[in-house]
Amino acid sequence: QVQLVESGGGLVQAGGSLRLSCAASGTISSINTMGWYRQAPGKQRELVARISSSGSTNYADSMKGRFTISRDNAKNTVYLQMNSLKPEDTAVYYCHVDRLLTTRGIVLDNCWGQGTQVTVSS
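No experiment lies behind these values; they were computed from the predicted model shown.

S.K.: Looking at this structure, I do not really get the pairing of strand E10 (residues 91-102). What am I missing?
M.R.: The side chains of a regular strand alternate, first on one face of the sheet and then on the other. Two elements, strand E4 (residues 28-31) and E10, share 3 bridges in a ladder whose sense is antiparallel. Each bridged residue has a counterpart across the sheet, and for Ile28 the counterpart in E10 is Thr102. Relative to E10, strand E5 (residues 34-39) runs antiparallel, the two sharing 6 bridges. Bridging across to E10, Gln39 finds its partner in Val92. The sheet contact formed by E10 and strand E12 (residues 116-121) spans 3 bridges and is antiparallel.

Printed below as a string of structure tokens:
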């Protein structure tokens with residue numbers, strides 16, 4: 001099986017920082033674009049940031065300049081450095097993979113982690 005496991009969430013005060021990690025485990029040959037999404041209570045899930053296998057990044061406007069996405073291809077891990085956190089950043093943050101190739105040649109699209117809670121107090 002292939003699993004995406006997030007870590008690093010927690011409770012921080014406004015203006016603080018957190019670093020989220022998402023490790024993909026299993027018989028993985030390659031991963032294309034990885035990303036982070038979030039969902040706050042009463043709101044739809046929204047894009048936070050994405051990063052391609054070559055390192056090209058894409059950010060939602062509200063996160064641009066505060067959040068930084070990065071990845072370690074050798075570890076099949078994607079990171080999200082979150083700075084200058086605001087109460088409105090409070091949400092469950094989900095790791096996402098656009099396309100994954102297993103060692104058996106199976107292609108898996110649109111894979112999601114279980115989510116990690118980020119709470120920012122005022």
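S.K.: Sorry if this is basic, but what is going on with the state of the cysteines here?
M.R.: By definition, a disulfide links the sulfur atoms of two cysteine residues through a covalent bond. What the rule picks out here adds up to 1 disulfide. With its sulfur 2.1 Å from that of its partner, Cys22 forms a disulfide with Cys95. Because the torsion about its S-S bond is -85 degrees, the bridge between Cys22 and Cys95 counts as left-handed. You can see Cys22 sitting in strand E3 (residues 18-25) and its partner Cys95 sitting in strand E10, a full 73 residues away along the chain.

Scoring rules and cut-offs
Residues numbered from 1 in each chain as written. Predicted model: local features only at pLDDT ≥ 70, side-chain atom pairs only at ≥ 80, totals over all residues. Heavy atoms only, no water. Pairing = 2+ DSSP bridges. Helix = DSSP H or I, 4+ residues; strand = E, 2+ residues; numbered from the N terminus. Disulfide = S-S within 2.5 Å.

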